[in-house]
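One letter stands for each residue in the lines below.
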Amino acid sequence: MDCGLFQGPKTLKALNYAAFPFTPGGIDFVLLTHAHTDHCGLLPKLIKAGFSHAVLATNGTRDLLEFTLPDSGYVQEMEVETLNRRNVRRGIPAVDPIYTRADAEASLKQIQPHPYGEWIDCGRGIRARYWNAGHILGSASIEVEIPDGPPPHPPLRVLFSGDIGPRHKSFHPDPTGPTACDYLIVESTYGDRDRIECDAAGRRAQLREEVKAALARGGNLLIPAFAVERTQELLLDLAILVAAGELPKMPIFLDSPLAIKATQVFLAHARELEDLGDIGNPFSAPNLHLMQTVEQSKSINRINGGAIIMAGSGMCDAGRIRHHLKQNLWRHDATVLFVGYQAPGTLGNLLLSGVRSVRIQGEEVSVRATLRSIDSYSGHADRKGLIEWVQARLPVARAIFLTHGEPAATISLRDGLAAAGCNPEQIVIPGLDDSFTLSTSRPTKIEGTVGRLPGGQPPQTDWHNRYAAMSLDLRRRLDSLPDDSAREELIARINRLLPRA
Ligand SMILES: [Zn+2]
């Protein structure tokens, strides 16, 4: 089930380069829940390491992976190229990318697409069925039936949640799934977060106010865009607001080849998606300009105000948004609107933390633009949504495993489920690389397996994060001092504290 790329602190990301803790050649099939990198980003590595059978996914997931997986391979190649340039200078041997664009393209051949709701024969008497999880296009919870003794003994029924979407999500129905399984394996990403419930109209009203305020400032509105799903949600809401006369027909530049490709997948699946067709096609509005080439992207530089520029990446770490930030951040009349999570250590996070200048493409850029953020666009169910999803799946015969969350989120969800009437003794929080036997009446932990991380828990932050926070804090303190001699004095004091090298 899934084969994601580790994201987060460097200690965790290092696992992407290490060997799998199992034999890839011994796996019969892979079931994918959805196209996000943290769920399928190591698939090309798995195939390179010897997995040679089918990868089962929904049609939507397959269509998205056709370009997101090769793009991920390209990102791996670029990251390693930068790292190796640094390593050569330090006399450290060069490393190979986790996988290349070519590896990713080759791995696509093993993907077998299937519609929702249809039983898929996986071999050895095992069958699987996809349910709409309402998280992103193609996302699914997967029900798996595994023979548990000779007939007429009933099969073991396991439901893997994948990532669960929120209520009132554009394009997708509320998440659904079967009841009365033996096991639930449930994600807990936002298990400790309670959002104020916001329906589509409320979300659009918020966006409308942000866009109106940005236009009133006179400059451009930059939206760092996540290519899949968030971009299309915004395009839909902007089109609805323009059609209703609540916003003017301002030019919208979608300056991201990846987001343009994702938008084409949405168009290809328009008939299965909700909200499309109410106002005509929101992805071909006359004021929407799709910028494919670098020349087209650069031509936006001539526009000083009144336009919406959506460009990747969503956290401003790479991509064309960086060059638009360089062009606009120093302007008093410009606005940057963040519409998604900004991970610590990213340029987006740095900007939201309130720094007065940033380095982009080797240049120091002053931050004078207005920075705004809205969090009503979310692809994830919050704590209440996750609890409701589990309640709708009850009864559960044997156990509920809580996975895919930081410890605080997982523990908060466990407490919430217990308070909502689930038997706390049935709830299991596994550590990374833990193994369990499921055929027993209660899950039995297999002792003696050695995990890849000491303590079994992935670190939430490591010294790299603390170093980044410390240098940011130092920079802020230096900025706030009255003059250069005070800055020299502070640096001299810190130097005196450091042990002599
Ligand atoms: Zn996801």
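Residues numbered from 1 in each chain as written. Predicted model: local features only at pLDDT ≥ 70, side-chain atom pairs only at ≥ 80, totals over all residues. Heavy atoms only, no water.

*Asks:* Would you explain the sheet that holds strand E17 (residues 396–403) in this entry?
*Replies:* Each strand in a sheet pairs with its neighbour through backbone hydrogen bonds, running either in the same direction (parallel) or in the opposite one (antiparallel). In space, the 7 strands of this open sheet follow the order E4-E5-E6-E7-E8-E17-E18, with mixed pairing throughout. Of all the strands in the sheet, just strand E4 (120–123) and strand E18 (427–428) have a single pairing partner and so form its edges. Pairing analysis gives 2 bridges linking E17 to E18, with the strands arranged parallel. Residue pairing in the sheet places Phe-401 in a bridge with Val-428 of E18. Here helix H12 (residues 383–391) sits on the sheet in contact with strand E6 (140–146), strand E7 (156–160), strand E8 (181–187) and E17, set at roughly 170° to E8. Relative to E17, helix H13 (residues 407–419) is tilted by about 150°, and along the sheet it contacts E8, E17 and E18. (Pairing = 2+ DSSP bridges. Helix = DSSP H or I, 4+ residues; strand = E, 2+ residues; numbered from the N terminus. Contact = heavy atoms within 4.5 Å. Axes fitted to C-alpha atoms, helices over the stretch in contact; angles between N-to-C directions.)

*Asks:* Explain the coordination of the zinc ion here, please?
*Replies:* Angles at a metal have ideal values that depend on geometry: 109.5 degrees with four tetrahedral donors, 90 or 180 degrees with six octahedral donors. In the first shell of the zinc ion, the protein supplies His-34 (NE2), His-36 (ND1), His-135 (NE2) and Asp-163 (OD), at 2.2 to 2.3 Å from the metal. Because the angles between the 4 donor atoms bound to the zinc ion fall within 91 to 164°, the donor set is best described as irregular. Counting residues between consecutive donors of the zinc ion along the chain gives the motif H-x1-H-x98-H-x27-D. Of the two residues, His-36 sits in the loop between strand E1 (30–31) and helix H2 (37–40) while Asp-163 sits in the loop between E7 and E8, which places them 127 residues apart along the sequence. Residue classification places Asp-163 among the buried residues on the basis of a relative accessible area of 2%. (Donors = N, O, S within 2.8 Å, 3.2 Å for Na, K, Ca; no water. Tetrahedral: all angles 85-135°; square planar, octahedral: opposite > 155°, others 65-115°. Buried < 20%, exposed > 50% of the residue type's maximum accessible area, 1.4 Å probe, protein only.)

*Asks:* Would you explain the state of the cysteines in this entry?
*Replies:* A covalent bond between the sulfur atoms of two cysteines is referred to as a disulfide. All told, the structure shown has 0 disulfides when counted by the stated rule. With no disulfide of its own, Cys-3 lies 8.9 Å from the sulfur of Cys-40, the closest cysteine sulfur. (Disulfide = S-S within 2.5 Å.)

*Asks:* Any chance you could explain the domain arrangement of the protein chain here in plain terms?
*Replies:* Once the domains are mapped, the protein chain shows domain 1 (10–193 + 380–445), domain 2 (204–373) and domain 3 (463–497). Inter-centroid distance (C-alpha atoms) of domain 2 to domain 3 is 34 Å. Across the boundary between the two partners, domain 2 contributes 6 residues, which contact 5 residues of domain 3. Of the roughly 400 Å² buried at the junction of domain 2 and domain 3 (both faces included), carbon and sulfur atoms supply 45%. For the pair domain 2 and domain 3, the interface holds 1 salt bridge. Along the contact surface separating domain 2 from domain 3 lie 1 residue pair in polar contact (both at pLDDT 80 or more). Split into classes, the residues belonging to the side of domain 2 that touches domain 3 amount to 2 nonpolar, 2 polar and 2 charged. (Domains from an automatic or database assignment. Buried area = accessible area lost by both parts, 1.4 Å probe. Salt bridge = Lys/Arg side-chain N within 4 Å of Asp/Glu carboxyl O. Polar contact = N/O pair within 3.5 Å; in protein donor to acceptor, adjacent residues only side chain to side chain. Nonpolar A, V, L, I, M, F, W, Y, C, P; charged D, E, K, R; others polar.)

*Asks:* Before we go on, may I ask you to explain the UniProt feature "domain: Metallo-beta-lactamase" (unreviewed entry) in the protein chain in this structure?
*Replies:* When the UniProt feature table is mapped onto this chain numbering, "domain: Metallo-beta-lactamase" (unreviewed entry) sits at residues 1–203. Span residues 1–203 is 28% helix and 20% strand, its end C-alpha atoms 33 Å apart. (UniProt positions renumbered as here; feature names shortened; annotations may be inferred.)

*Asks:* What is the right way to look at H12 in this model?
*Replies:* Residues lying three or four places apart along an α-helix face the same way, a consequence of the helix completing one turn every 3.6 residues. Turning to H12, its buried residues number three or more, namely Gly-385, Leu-386, Ile-387, Trp-389 and Val-390. Turning to H12, the residues buried within the fold contact E6, E7, E8, E17 and H13.

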